[in-house]
Amino acid sequence: MAVIANTGSVATFAYNRVDGVPSAISGTVMAQYAELSVYQLENWTGDSIGTTAIDQKYVPFLTEMTVAMTLGRMHGVGIDFNWSLGEFNVSKGSSSSTEVLQIDLALKNAERELSNLSKPNRIYQTFYG
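Criteria and thresholds
Residues numbered from 1 in each chain as written. Predicted model: local features only at pLDDT ≥ 70, side-chain atom pairs only at ≥ 80, totals over all residues. Heavy atoms only, no water. Core = buried A, V, L, I, M, F, W, Y, C linked by side-chain atoms within 4.5 Å. Buried < 20%, exposed > 50% of the residue type's maximum accessible area, 1.4 Å probe, protein only. Helix = DSSP H or I, 4+ residues; strand = E, 2+ residues; numbered from the N terminus. Contact = heavy atoms within 4.5 Å. pLDDT = per-residue confidence, 0-100. Axes fitted to C-alpha atoms, helices over the stretch in contact; angles between N-to-C directions. Parallel < 35°, antiparallel > 145°, perpendicular 65-115°, else oblique. Left-handed = near helix turned anticlockwise from the far one by under 90°. Nonpolar A, V, L, I, M, F, W, Y, C, P; charged D, E, K, R; others polar.

If you look at the biggest cluster of nonpolar residues, it comprises 29 residues, and the most contacted ones within it are Leu41, Ile54, Tyr58, Phe61 and Leu62. Contributions of two or more residues to this core are made by helix 1 (7-17), helix 2 (28-45), helix 3 (59-75) and helix 4 (97-116). Among the elements that take part in this core, helix 3 stands out by supplying eight residues, more than any other. Dropping the residues within four chain positions of it, Tyr58 is found in contact with Leu41, Asp47, Ile49 and Leu117.

In this section: the confidence of the model for the chain. Looking at the chain, the pLDDT average stands at 80 and 75% of residues meet or exceed 70. When pLDDT is averaged over each element of the chain, helix 1 comes out on top at 94 and strand 3 (residues 81-85) at the bottom at 60.

The next subject is the packing of helix 1 against helix 3. Running from N to C, helix 1 and helix 3 cross one another at 55°; their axes reach a closest spacing of 8 Å. The orientation of helix 1 with respect to helix 3, classified from their angle, is oblique. In this structure, helix 1 crosses over helix 3, and the sense of that crossing is right-handed. From helix 1, Val10, Ala11, Phe13, Ala14 and Arg17 reach across to helix 3, where they touch Val59, Leu62, Thr63, Glu64, Thr66 and Val67. Looking at the contact of helix 1 with helix 3, its residues break down into seven nonpolar, two polar and two charged.

Given below as structure tokens:
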């Protein structure tokens, strides 16, 4: 087991992948996203991963999920609004294709990394008397 990370370093890996992360999201919020990703991965694999001594095989998935959650928060994915004030207008939502494509790519990468991890194969034995 090659331990290389904790949730703080996973958040740093993700931070380095996303341009322009606001200070309100970087730091604590991204570390919480990384921690949430650990819990999701523990639930899926059945492994005990923890938040301080994370095996290197889990880091790519955790980083991709942290990137996706960070971008989702930054760009208000799932929020659709259009409003204008005189000649000034703001449009946000599904038409914001650059952000949606970044998130989609991060989620596809996370899915690929998840498929590389083995899910426990539960073996049950029954005995007939």
